Amino acid sequence: APSIMHGFFTQVVQSQGKAAVIKDQQWMLANHTYEVYSCCSTRCSQYIIAGARDMYISISSIRELKQIHKWKAHDSTIMRVRLTADDKFLISCSFDQSIRVWSLDKSEGFTKQPELVRTLRGHTNWVYDVILSPCQNFIASCGVD
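Here's a quick rundown of the structure. (Residues numbered from 1 in each chain as written. Predicted model: local features only at pLDDT ≥ 70, side-chain atom pairs only at ≥ 80, totals over all residues. Heavy atoms only, no water.)

1. Focus on the pairing of strand β10 (residues 139–143)
Reasoning step 1: Sheet analysis places strand β9 (residues 127–132) next to β10, joined by five bridges and oriented antiparallel. By the bridge assignment for β10, V130 is matched with S141.
Reasoning step 2: In this antiparallel pair of consecutive strands, β9 and β10, the connection spans six residues, and Q136 shows a positive phi of 70°. (Pairing = 2+ DSSP bridges. Helix = DSSP H or I, 4+ residues; strand = E, 2+ residues; numbered from the N terminus.)

2. Quick look at the environment of I139
Reasoning step 1: Turning to its location among the elements, I139 is positioned in strand β10.
Reasoning step 2: Owing to a relative accessible area of 34%, I139 belongs among the partly exposed residues under this scheme.
Reasoning step 3: Residues I139 and I91, 48 residues apart in the sequence, show an inter-C-alpha distance of 8.7 Å.
Reasoning step 4: Beyond its immediate sequence surroundings of up to four residues, I139 is in contact with I91, V101, L120, V130, I131 and L132. (Buried < 20%, exposed > 50% of the residue type's maximum accessible area, 1.4 Å probe, protein only. Contact = heavy atoms within 4.5 Å.)

3. Brief notes about unusual backbone geometry
Reasoning step 1: Here Q97, not a glycine, exhibits a phi torsion of approximately 75°, which is positive.
Reasoning step 2: With respect to the secondary-structure elements, Q97 resides in the loop between β6 (89–94) and β7 (98–103).
Reasoning step 3: A positive phi angle, near 70°, is found at Q136, a position not held by glycine.
Reasoning step 4: What makes Q136 partly exposed here is its relative accessible area of 32%.

4. With respect to the nonpolar core
Reasoning step 1: If you look at the biggest cluster of nonpolar residues, it comprises 14 residues, and the most contacted ones within it are I49, I57, I59, W71, L90 and L104.
Reasoning step 2: Of all the secondary structure elements, the ones that give two or more residues to this core are β2 (47–52), β3 (56–61) and β5 (78–83).
Reasoning step 3: The element best represented in this core is β5, accounting for three residues.
Reasoning step 4: One finds I91, F95, I99 and V127 within the second-largest nonpolar core, a separate group that totals nine residues. (Core = buried A, V, L, I, M, F, W, Y, C linked by side-chain atoms within 4.5 Å.)

5. A word on the pattern of salt bridges
Any two side chains of opposite charge can pair, given that their charged atoms come close.
Reasoning step 1: Throughout the structure, instances matching the rule amount to six salt bridges.
Reasoning step 2: Of the charged contacts, one joins R53 and E35 as a salt bridge, the two residues approaching to 2.9 Å between their closest N and O atoms. Separated by 18 residues along the polypeptide, R53 in the loop between β2 and β3 and E35 in the loop between α2 (22–27) and β1 (36–41) bring together distant segments of the chain.
Reasoning step 3: For R53, a relative accessible area of 34% gives the class partly exposed.
Reasoning step 4: A residue is classified by how much of its surface remains accessible, and E35, at 35% relative accessible area, is partly exposed.
Reasoning step 5: K112 is paired through a salt bridge with D105; the nearest N and O atoms lie 3.3 Å apart.
Reasoning step 6: Among the residues examined, D105 registers a relative accessible area of 27% and is labelled partly exposed. (Salt bridge = Lys/Arg side-chain N within 4 Å of Asp/Glu carboxyl O.)

These figures come from the coordinates and say nothing about function on their own.
As structure tokens, then:
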């Protein structure tokens, strides 16, 4: 069954005073074939980015209620997606033992496919989480190893 993040969307919808569109909001993440383990929103809260067990990352527009991009980002389950403070880069980590940095171009509403900037390797087992330092120049990660 498709994965849906009920709590997050209920909160987003209620904060915008649009409780009647909860069903449409849930559709945005229902395009993943397995569980969605992580999601984040852009600073302006217009877009949501989700990573899932199906190895795909999706970008969806909250205002337009539609998915803009979905791409195979890893070779195994994606455990975390995080945006830099300026929304220019997306960091993802996975059970494939890698951390990937993606360049985002939101100049025209994320119309361009995100580009892989770098794959970071060093873990010898699953990578569970990544976090950016407050100054945004370091990435810390943790995993099973």
